[in-house]
Amino acid sequence: MISVENVSKVYSTRKGPRKVLDGVSFRLERGRNLGILGKNGAGKSTLIRLISGAEQPTSGRIRREMSVSWPLAFGGAFQTNLTGLDNLKFVCRAYGVDYRPLVGFVEEFTELGVYFREPVSHYSHGMLTRLAFALSMAVEFDCFLIDEAMVVGDVRFHQRCHDELFHKRRDRAFVLVTHEAQVIKLYCERASVLHEGRLHAFPTVDEAYDFYQATLAESPAAVES
Amino acid sequence: MPARDSLLRSLAIQRRILHALLMREVITRFGRKNLGVLWLVIEPMLFTLGVAALWTAAGLQHSSGMPIIAFAITGYSSVLLWRNCASRSSMAIEQNFGLLYHRNVCVIDVLLTRIVLEVAGATASFAFLAAVFTALDWMSPPGDLLLVTAGWVLLAWFGAALALVIGAGTAYSDVVEKLWHPAAYLLFPISGAAFMVDWLPPALREAVLLLPMVHGVEMLREGYFGSVVRTHYDAGYLVVSCLLLTLLGLYMVRDAGRRVEVR
């Protein structure tokens, strides 16, 4: 189970402190999932980083009683002069997994060919995305944190991500954040809406969808953070 | 979970993370080409050898009859020990930002990794140079190995504590980085590496002995040269300074960990 209890996050900006999340609470049981809808800049990625433990909340508490992934398909941790294989080794060592049985899977999934053993600085954007996703799948977590960023890439890659995550690992819990209501409808059993720092929970995905549409109508031009 | 199991589990995670970071840092810094990780030792060796050659050429012989090569190697090695720890930790957090996305990788791990590598490199370089020059008979073996070790370990501790302060400090403001460079440069001539405290007039001795690392170098040299030299140091002063600096460093590291915004 993950429990997020009354979590707030304040960032300091030049114009003074800015509250990005304000008293957010929810629970997620093992094997269940939750979709979180929010406009650009609503604080979705911040919430994901807090759940993952990469950042600490300003106030409130987050308890993790199952293993939780890092934000999925995140590529920022790549050291550009390391190879794809080195990056796999690092992740495996950090999470206490033997990397050797995984080399085949990552090589096959990323379709990097000889580039798997070349520095990441020589990779195209698509290659980086594939590597980032494959590394996220290398460690088996109870709960995956999925940022909408993974919805980039071509159709075939998208389909393969879908297979890995929602078919082969359908017994796992996940939190999916996105600004696209369709994605939530497709994958999630329940949904909440992040709006002006607060998390609004709804019994059904459809009700969340209606509320989200209303918030969009309110101020259609949200500012990208 | 019982407290003991929980502690053991935490230690296991700590060990795993440090191992992962060390392997990664070694490849990032030295690569797999040419001499690879050996540069960790060769680089400080070249520095020390260069300084030893310069000081010999300059005829820096003293009335004390101090052997110049041994004087240079003990002095410059100890500067590299504490200075490299702090310099490599400066901006270390910023350079490893992406890694903090992994929950178990914390600010302290990033700094510890660099400290471990620098201490290992400086120690290997010192030991190797001392061994080679002793074998060549350009340098005599240390009189009191235990005292040499104690001085070296305390200097390493000082370097590590300083590294925590500087490393966490650069996370607050780049100004720390900008100030550290001139500070490191200016500290070298007064750090005890290029003189013995006994050569100074008494008033200056007092002032110089305010610097903790001077005590470490004096200790190291007493261990090396024995009664040939007159040394002035207070191991207690050095230990207390290290303790206080470590506390400050740990406090700053914890605070930097809370403030860090992973983007």
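Residues numbered from 1 in each chain as written. Chains lettered and ligands numbered in written order. Predicted model: local features only at pLDDT ≥ 70, side-chain atom pairs only at ≥ 80, totals over all residues. Heavy atoms only, no water.

Visitor: Quick question: what am I supposed to make of the overall build of chain A here?
Guide: Tallying secondary structure elements over chain A gives seven helices and nine strands in all. In summary, chain A has a C-alpha radius of gyration of 18 Å against a globular reference of 17 Å for 225 residues, a match within 12%. Seen along its three principal axes, the alpha-carbon backbone of chain A occupies a region of about 50 × 40 × 35 Å. The burial tally for chain A puts 54% of its 225 residues in the buried class. Accessible surface for chain A amounts to roughly 10300 Å². Of this, 50% is attributable to carbon and sulfur atoms. Charge-centre separation for chain A: the mean point of 28 positive side chains lies 5 Å from the mean point of 27 negative side chains. (Helix = DSSP H or I, 4+ residues; strand = E, 2+ residues; numbered from the N terminus. Rg over C-alpha atoms; globule rule 2.2 N^0.38 Å. Buried < 20%, exposed > 50% of the residue type's maximum accessible area, 1.4 Å probe, protein only. Areas by Shrake-Rupley, 256 points an atom, 1.4 Å probe, with all protein chains shown as cover. Lys, Arg positive; Asp, Glu negative; His and termini not counted. Charge placed at Lys NZ, Arg CZ, Asp CG, Glu CD.)

Visitor: Is there a simple way to think about the overall build of chain B in this case?
Guide: Scanning chain B for helices and strands turns up 10 helices and zero strands. Each helix and strand of chain B, ordered N terminal to C terminal, gives the series α-α-α-α-α-α-α-α-α-α. For chain B, whose C-alpha radius of gyration is 20 Å, the value lies close to the compact-globule estimate of 18 Å for 263 residues. Taken along the three principal axes of its C-alpha coordinates, chain B extends 60 × 45 × 40 Å. Sorting the 263 residues of chain B into buried and exposed places 48% on the buried side. Residue pairs in contact within chain B that sit at least 24 positions apart in sequence constitute 76% of those at least 6 positions apart. (Contact = heavy atoms within 4.5 Å.)

Visitor: What's the story with the nonpolar core in this structure? I'm lost.
Guide: Here is a general trend for soluble globular proteins: nonpolar side chains tend to be buried in one another's company. One finds Leu88(A), Leu131(A) and Leu176(A) to be the most contacted residues of the largest nonpolar core, which totals 124 residues. It is helix α6 (residues 145-172) of chain B that contributes the most residues to this core, 15 residues altogether. Those residues within four positions of Leu176(A) in sequence are excluded, and the remaining contacts are Leu34(A), Gly35(A), Ile36(A), Ile146(A), Phe166(A), Val183(A), Ile184(A), Tyr187(A) and Cys188(A). (Core = buried A, V, L, I, M, F, W, Y, C linked by side-chain atoms within 4.5 Å.)

Visitor: Can you help me understand a nonpolar patch on the surface in this one?
Guide: A contiguous nonpolar patch, built from Leu35(B), Leu38(B), Trp39(B), Leu46(B) and Leu49(B) and spanning about 440 Å² of accessible area, is present on the exposed surface. Position of Leu38(B) among the secondary structure elements: in the loop between α1 (3-30) and α2 (39-57). (Patch = residues over 30% accessible without salt bridge, like charges linked within 9 Å, V, L, I, M, F, W, Y side chains within 5 Å. Salt bridge = Lys/Arg side-chain N within 4 Å of Asp/Glu carboxyl O.)

Visitor: It is not clear to me how the packing of aromatic side chains should be interpreted in this structure. Could you clarify?
Guide: In this description, a pair of aromatic rings is defined by centroid distance and the angle of the planes. Residue and element names in this part refer to chain B. Under the criterion given, the structure shown has 19 aromatic pairs over all chains. Measuring from ring centre to ring centre gives 5.4 Å for Tyr-76 and Phe-188, while their planes differ by 85°; the resulting arrangement is edge-to-face. Here Phe-188 lies in helix α7 (residues 174-190) and Tyr-76 lies in helix α3 (residues 68-89), a separation of 112 residues in the sequence. Between Tyr-224 and Phe-225 the ring centres are 5.7 Å apart and the planes differ by 55°, which places this aromatic pair in the tilted class. There is no split in this pair, since Tyr-224 and Phe-225 are both buried. (Phe/Tyr/Trp six-rings, centres within 6.5 Å; stacked < 30°, edge-to-face > 60°.)

Visitor: Honestly, the interface of chain A and chain B in this entry has me stumped. Any pointers?
Guide: Put simply, an interface is often sized by how much accessible area is lost when its parts join up. Contact with chain A, which involves 24 residues of that partner, is made by 20 residues of chain B. A combined buried area of about 2300 Å² lies between chain A and chain B, and 57% of that area is made up of carbon and sulfur atoms. Viewed at the interface, chain B and chain A are joined by zero salt bridges. Between chain A and chain B we count four residue pairs in polar contact (both at pLDDT 80 or more) in total. Looking at the side of chain A that touches chain B, the elements that each hand over two or more residues are β1 (2-13), α1 (44-52), β5 (68-71) and α2 (84-94) of chain A. Of the residues belonging to the side of chain A that touches chain B, the class tally is 12 nonpolar, seven polar and five charged. (Buried area = accessible area lost by both parts, 1.4 Å probe. Polar contact = N/O pair within 3.5 Å; in protein donor to acceptor, adjacent residues only side chain to side chain. Nonpolar A, V, L, I, M, F, W, Y, C, P; charged D, E, K, R; others polar.)

Visitor: How do you make sense of the sheet that holds β1(A) when you look at a structure like this?
Guide: Either a parallel or an antiparallel arrangement is found when strands of a sheet pair, and the pairing is made through backbone hydrogen bonds. All names here are of chain A. Sheet architecture is open: three strands sit in the order β2-β1-β4, paired in antiparallel fashion. The sheet is open, and its two borders are formed by β2 (16-28) and β4 (59-64), each paired with just one other strand. Direction aside, the axes of adjacent strands within the sheet are offset by 25° on average. As paired elements, β1 and β4 share five bridges and run antiparallel to each other. Looking across to β4, one finds that Ile-2 is bridged to Arg-64. (Pairing = 2+ DSSP bridges. Axes fitted to C-alpha atoms, helices over the stretch in contact; angles between N-to-C directions.)

Visitor: Explain the sheet that holds β5(A) to me, please; I cannot follow it from the model alone.
Guide: Residue and element names in this part refer to chain A. Spatial strand order, β5-β6-β7-β3-β8-β9: six strands in an open sheet with mixed pairing. In this open sheet, the two edge strands, each paired with only one partner strand, are β5 and β9 (198-201). Each strand of the sheet is rotated relative to its neighbour by a mean of 20°, with strand direction disregarded. Inspection of the sheet shows strand β3 (residues 33-38) paired to strand β8 (residues 191-195) by four bridges, in the parallel sense. Counterpart to Leu-37 in the pairing with β8 is Val-193.

Visitor: I would appreciate a short explanation of α1(A) in the present structure.
Guide: Side chains that are three or four residues apart share a direction in an α-helix, a result of its 3.6 residues per turn. Among the nine residues that make up α1(A), eight are buried, leaving the element largely enclosed by the rest of the structure. Buried within α1(A) are the following residues: Lys44(A), Thr46(A), Leu47(A), Ile48(A), Arg49(A), Leu50(A), Ile51(A) and Ser52(A).

Visitor: So what exactly am I meant to see when it comes to the pairing of β1(A) here?
Guide: For a regular strand, side chains alternate in direction, first toward one face of the sheet and then toward the other. All names here are of chain A. Relative to β2, β1 runs antiparallel, the two sharing nine bridges. Pairing of Lys-9 across the sheet is with Leu-21, part of β2. Hairpin connection between β1 and β2: a loop of two residues separates the two successive antiparallel strands.

Visitor: Quick question: what am I supposed to make of the pattern of salt bridges here?
Guide: Opposite charge on two side chains permits pairing when their charged atoms draw close. Residues and elements named next belong to chain A. Across all of its chains, the model carries 26 salt bridges over all chains by this definition. Linking Glu-5 and Arg-61 is a salt bridge whose minimum nitrogen-to-oxygen distance equals 3.7 Å. Here the residue Glu-5 occupies a position in strand β1, and Arg-61 occupies one in strand β4, the gap between them amounting to 56 residues. Given a relative accessible area of 29%, Glu-5 falls into the partly exposed group.

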